[in-house]
Amino acid sequence: MVGAIRKPASRNGARARSVLLPVGTAGVLLASWHFGVVASGSDLFPTPGQAVGGIVELARKGLLLKYVVASLFRVTMGFGLAVLVGVPLGLVLGWFRPAFLALNPIIQALRPISPIAWIPVAILWFGVADTAPIFLIFLASLFPITVSSMAAVQNMQQVYLRAAQNFGLVGLPLFRRVILPAALPQIITGIRIALGVAWLVVVAAEMIAVNSGLGYLIIDARNAGKRYDLVVAGMMMIGLIGLLLDLLVRRLERFDEVRWGYGQQ
Amino acid sequence: MDSSSALIEVRDAWMSFPGKPGAEPIHVLERVAMQVRAGEFVCIVGPSGCGKSTLLNILGGFLQQVRGDVRIEGATVTGPDPGRIFVFQENGVFPWLTVEQNAGFGLWKSPPAERDERVRHYIKMVGLVGFEKAYPRELSGGMRQRVEIARALAANARVLFMDEPFGALDFLTRLKMRADLVRIWQAEHKTIVFVTHDIEEAVQLADRVLVMTRRPATIQAEVVIDLPRPRDLDAPGYLACRDRIFELMGMDAHGGEAQAPR
């Protein structure tokens, strides 16, 4: 009987722990941040409250929405283009051996170059306009999307291909009915990684190439009057939006058509 | 057997795979000759790794023999054919499609009404009514093999090549699947070539059992199972057939070496 009584109690305990642990840890960290700043007597680095105050101030001036929209616009354009180019390119490279042999070495050589290293080149080619950060985001997202789509086709289970060929599928029907759905879970994983990279890169690109967006906000707040409360406010927004973007893409993984590709449960 | 009545005819087939670089090629099949009549249920048994699956893959058109002649329905096999469907050991059901979408997969060129009708019929025949909208990951291993069988039947395949399709299932599920497969075969008049390493399974299912040797393998004997179905697994005739095959494979039914090995 003891076991029967303890089991629901421990389940409640587990649920409480899964809320209390992260909330408690965050509380402790925020408190040490706050008291650390107070104790150091710094008048530049903000307390958490001052940083939130910075967010409120930006919102009142209408800058917050403007900068968030500017950054999201650039990510949408660059990342969207990368999906449109990278998925078909990856599928072709995965399926046609000669295309893979021809292009893979170049892709593998370009891939380790940080998108940040492309900033001078982007400014040279596109000037100080939206096009430069969009190009950088496109470049940064293109590689993970292309490589994961390519690997998805190459690692496809042979039995699906054989079954499809057995039923007489070739060409476009084979591609649409079997190769694409078989590759989709891994393509979505690549898209998720790419979106994370794109969000990292937009902030870096905006620090140099343009005069709007969350990256610009951070560098501008520092340069014009050492407003570190606004710097940290910008960092908080970047973290929050990055988290929301990842949650959004994760929803794609729950569709029945792809759920089989992510292990059990 | 009169060769003119054979649906499947293999003459002097040889198969080898390239080995490691510099090494000898691996000889898998030598001088394989076999025939299967239309509507016949033939099992192929042999020691594991002997090349049974290789032979079935050649019949299915997925592999090309290095020598010899493989003809089905009078024509040389040049590749897989929708009239002859392979049922895979590792389960080839598509995980992104529901049970009914999988069952209708081979009918992708047919009008939807006809497709739905056939899918309904064969889902009922394999015993999956109520699971039409389920995805493969929600099904047991046995049910997934039923989906694959329904997919082959719905596509109106004349020949089924089955490569140890029940090998991964538990004992009771396997018995039930065998009984259901015999029932379906009798109702549908398909020609079935069924590869297994399980001698009992072969004797329960087949009209004729072809026994292969070790690698490089050839067909060393044919055992005709002339017993009424459903088969009584304790009947003297059943046990005699089973023991005859054990003996051909160099063992007795208790796992010991038989008097005349090989």
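Here the structure is a predicted model, which means the values were calculated and not measured.

Reading guide: rules and limits
- Residues numbered from 1 in each chain as written.
- Chains lettered and ligands numbered in written order.
- Predicted model: local features only at pLDDT ≥ 70, side-chain atom pairs only at ≥ 80, totals over all residues.
- Axes fitted to C-alpha atoms, helices over the stretch in contact; angles between N-to-C directions.
- Helix = DSSP H or I, 4+ residues; strand = E, 2+ residues; numbered from the N terminus.
- Left-handed = near helix turned anticlockwise from the far one by under 90°.
- Contact = placed C-beta atoms within 7 Å.
- Nonpolar A, V, L, I, M, F, W, Y, C, P; charged D, E, K, R; others polar.
- Pairing = 2+ DSSP bridges.
- Domains from an automatic or database assignment.

Chemist: Please clarify how the packing of helix 3 (residues 63-95) of chain A against helix 8 (residues 171-206) of chain A should be interpreted in this entry.
Modeler: For any two helices packed against each other, the geometry is given by the interaxial angle and the distance between the axes. Residue and element names in this part refer to chain A. At a minimum axis separation of 9 Å, helix 3 and helix 8 run at an interaxial angle of 145 degrees. Once helix 3 is placed against helix 8, the crossing between them reads as right-handed. Contact residues: helix 3 offers S71, R74, V75, G78, F79, A82, V83, V87, L91 and W95, while helix 8 offers I179, A183, I187, I191, A194, L195, A198, W199, V202 and E206. Residue composition of the contact of helix 3 with helix 8, by class: 16 nonpolar, two polar and two charged.

Chemist: I keep staring at the pairing of strand 10 (residues 219-224) of chain B and nothing clicks. Help me out?
Modeler: Residue and element names in this part refer to chain B. Strand direction decides the pairing type here: strand 9 (residues 208-212) and strand 10, joined by five bridges, are antiparallel. Bridge pairing in strand 10 places L210 opposite E222. Once strand 9 ends, the chain turns through six residues before running back antiparallel as strand 10.

Chemist: Even after reading the chapter, I still don't get the domain arrangement of chain A, so can you show me in this structure?
Modeler: Put simply, an interface is often sized by how much accessible area is lost when its parts join up. The domains assigned to chain A are domain 1 (1-41) and domain 2 (45-262). Relative placement of domain 1 of chain A and domain 2 of chain A: their C-alpha centres are 34 Å apart.

Chemist: What's the story with the sheet that holds strand 3 (residues 41-45) of chain B in this structure? I'm lost.
Modeler: Hydrogen bonds between backbone atoms are what pair the strands of a sheet, whose relative direction is either parallel or antiparallel. All names here are of chain B. Reading across the sheet, the six strands line up as 6-7-8-3-9-10 and stay open at both edges, with mixed pairing between neighbours. Taken across any chain shown, the strands that pair with only one partner, and hence form the sheet edges, are strand 6 (84-87) and strand 10. On average, adjacent strands in this sheet sit at an angle of 15 degrees to one another, irrespective of strand direction. Relative to strand 7 (residues 159-163), strand 6 runs parallel, the two sharing four bridges. Within strand 7, the position partnered with V87 by the bridge is M162.

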